[in-house]
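# Fold and contact review
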Amino acid sequence: HDYALFRDDKILCFTISDNQALVWGRGVSNSFSRCHIVRLRGAPIFVQHPSLPLDTPFLTTDSRGLGSGMATLTGRLLEETTFTFRARDPNQEDPISIMFLQDPGIPNDANLGSQVCVDAGSVPNIQSDGIPKTYQMCGNTFCSTIPSPCAEAYRTFSWVPTPGSEGRNIKVCAIAKDDKNYCALSHYRRSSSCAATDFCAISATVGSSARSTTSGYYGPEHCVNIYVTPPNPSWDADTIPTEGNGTHKLAHVGCEIRWKVSATDPSNYTMRVDLADGNRLPGGAVFETISTGRTNHRDIVWTPVRGTEGSHYSVCVTAYSEITYTTELSPLPEIANPIFLNGHMSLPIRCVHISVRRCKYCANSGETLLLKMKEYSIDMNWLRLWAANGNDDGDELTNTVEDPGVLATGLLDGVQNGQLLNIGPVYRLQSGESLVAVAARFRTTVKSLLDLNPDITDVATLLPGQDLCLIPCSDS
């Protein structure tokens, strides 16, 4: 794979001579030559193996396959993020060491793997021009090959983000060095203030660069950023409860209601839909779970029963992410609610306000008008019930009864139910009226009025405008 490797070392030769032959017109000029071997030394750099996508992640790579820039990896709570730092020295005979930097440091619960060397075996020591790369002797001559046990190496970083790290950027940095001190000797450095074509040098300084030390030549550090993705849930579009003032819904005795409450997190965290603090369902209602996971779909399911006519209920729901995990401190699982992308820990509360209508009842399978009349009145005259349902009453939820022996079924608020029947009219109490006066006016009884309007618990507190369900002409 691609890596940085120096070209062969160079030879620079200088010749000095006088002009004796020219001055005296005879003989030869005196000359002396001296050659220098220029050894090219470099610090290790971080490289990427092309078949390993999380091997030294870079922001970008050039045409040579050499990377640069800090890459950002996406991490998730309770899921392991793993990658490697791989470095190689351009001098194949130089072993390297990879270290993690204390600044900015690493997460406390991260795991740092031991260094693994990539042994290149034996590499040539004698260049094409006959110059040895090293002066390592094999007998009386320079060795033709030298070992390269650790000019390339890598270390693995792994981390499992825990609750509290969501939405944060965690930067991890590493640096590599070889074990040679050649470049830590005294050198002349070119001043940055020198013009490009001028000969210019500062005084002899220890180290060819600030990274050249007696313990080795340090290369440039490389950093990788890890962004821990937070939950980013939302209420699903077909959720019945709404924000603000909430949704107002009608319910009927004997008719099942089923209202969807659902939230989804596209970041794939587990969602939990639940009743908001201080809320509870009406008696007999259940919060049925339909699906769990990134989408938590639950239905409010309730069939109002006799005694709930005229009642009003409010049910408010919330949703949040829930993560279960264990720590080294305790074998018992812990539950956390991570913070959302918007900084909140739960979705906005949504409410549905339920009103159980008076004088409206669902007929069950197999029931007839006679059975329903017997249930709600001592009068056995089912014709009166047929008359109450034989004409269009302007209510889009009720159907006209064409055949008293056949009660229809159909969808009511999206749920299959029996036919919705009118038991009688709804009368609005006038100023100065009492239940006794209303019962006398419509030829019914106070007992029947109280039975059909169970929300009336104290007749002394009745106010004008109170709606009453009644069955006229049912006093005998």
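It should be emphasised that the depicted structure is a prediction, and the values quoted were computed from it without experimental measurement.

### Section: the pattern of salt bridges
Under the criterion given, the structure shown has 22 salt bridges. For the salt bridge of Arg41 with Asp94, the shortest nitrogen-to-oxygen distance reads 2.5 Å. Of this pair, Arg41 sits in the loop between β2 (31-38) and β3 (45-47) while Asp94 sits in the loop between β7 (81-88) and β8 (96-100); the two residues are 53 residues apart in sequence, bridging distant segments of the chain. Assessed through its relative accessible area of 17%, Arg41 is described here as buried. The closest approach of N and O atoms between Arg258 and Glu288, which form a salt bridge, is 3.5 Å. Here Arg258, found in strand β24 (residues 257-264), pairs with Glu288, found in strand β26 (residues 286-291); they are 30 residues apart in sequence, far enough to count as distant. Judged by relative accessible area, Arg258 falls into the partly exposed class, the value being 29%. Of the residues examined, Glu288 reaches a relative accessible area of 30% and is grouped as partly exposed.

### What about the pairing of β26?
Each regular strand carries side chains that alternate between the two faces of the sheet. Note that β26 and strand β27 (residues 295-302) share five bridges and pair antiparallel. Among the inter-strand pairings, Phe287 is bridged to a residue of β27, identified as Ile300. Hairpin remark: β26 followed by β27, antiparallel, with three residues in the connecting loop; positive phi at Gly293, about 115°.

### Describing the nonpolar core
In terms of nonpolar packing, the biggest core is built from 29 residues, with Trp235 and Phe287 touching the most fellow members. Per-element tally for this core: the top contributor is strand β31 (residues 350-362), with five residues. Counting 26 residues, the second-largest nonpolar core is a separate cluster that includes Ala110, Phe157, Val224 and Ile226.

### Describing the state of the cysteines
Applying the stated criterion across every chain yields a total of seven disulfides. Put simply, Cys173 and Cys223 are joined by a disulfide, and their sulfur atoms are 1.9 Å apart. Every disulfide takes its handedness from the sign of the S-S torsion; for Cys173 and Cys223 that torsion is 105°, giving right-handed. Of this pair, Cys173 sits in strand β16 (residues 169-178) while Cys223 sits in strand β21 (residues 222-229), and the two are 50 residues apart along the sequence. Cys223 gets classed as buried once you look at its relative accessible area, which sits at 16%. For Cys255, the disulfide goes to Cys362, at an S-S distance of 1.6 Å. One quick way to see it: the torsion about the S-S bond of Cys255 and Cys362 is about 95°, and its sign makes the bridge right-handed. Taken together, the positions of Cys255 in the loop between β23 (247-253) and β24 and Cys362 in strand β31 put the pair 107 residues apart, joining distant regions of the chain. Residues Cys255 and Cys362 agree in their burial class; the two are buried.

### Section: unusual backbone geometry
A cis geometry characterises the amide bond from Asp103 onward to Pro104, with omega recorded as 15°. Positionally, Pro104 belongs in the loop between β8 and β9 (111-112). Look at Thr56: it is not a glycine, yet its phi comes out positive at around 45°. With respect to the helices and strands, Thr56 occurs in the loop between β3 and β4 (58-61). The buried category is assigned to Thr56, whose relative accessible area is 0%. Of note, Cys359 is a non-glycine position whose phi angle comes to about 60°, a positive value.

### Some thoughts on the packing of aromatic side chains
A full pass over the atoms with the stated rule returns seven aromatic pairs. For the ring pair Phe85 and Phe100, a centre distance of 5.6 Å and an interplane angle of 80° mean the geometry is edge-to-face. A residue pair is termed long-range when its members are at least 10 positions apart, and Phe85 in strand β7 and Phe100 in strand β8 qualify at 15 residues. The pair formed by Phe85 and Phe100 is uniform in burial state, with each residue classed as buried. Relative to Phe142, the ring of Tyr135 lies with its centre 5.5 Å away and its plane at 45°, an arrangement referred to as tilted. Phe142 sits in the partly exposed class, given a relative accessible area of 36%. Through pairs of rings, three or more aromatic residues link up here, namely Phe46, Phe83, Phe85, Phe100 and Phe157. Sitting above the plane of the Tyr135 ring, Arg39 keeps its charged end 4.7 Å from the centroid.

### Re the pairing of strand β5 (residues 67-70)
By the bridge criterion, three bridges tie β4 to β5 in an arrangement that is antiparallel. Considered in β5, the bridge of Thr60 is made with Ser68. Once β4 ends, the chain turns through five residues before running back antiparallel as β5, passing Gly65 with a positive phi of about 85°.

### Digging into the side chain of Thr134
Here Thr134 shows up in the loop between β11 (122-124) and β12 (137-138). We classify Thr134 as buried; its relative accessible area is 15%.

Each value, and the rule that gives it
Residues numbered from 1 in each chain as written. Predicted model: local features only at pLDDT ≥ 70, side-chain atom pairs only at ≥ 80, totals over all residues. Heavy atoms only, no water. Salt bridge = Lys/Arg side-chain N within 4 Å of Asp/Glu carboxyl O. Helix = DSSP H or I, 4+ residues; strand = E, 2+ residues; numbered from the N terminus. Buried < 20%, exposed > 50% of the residue type's maximum accessible area, 1.4 Å probe, protein only. Pairing = 2+ DSSP bridges. Core = buried A, V, L, I, M, F, W, Y, C linked by side-chain atoms within 4.5 Å. Disulfide = S-S within 2.5 Å. Phe/Tyr/Trp six-rings, centres within 6.5 Å; stacked < 30°, edge-to-face > 60°. Lys NZ or Arg CZ within 6 Å of the ring centre and 35° of its normal.

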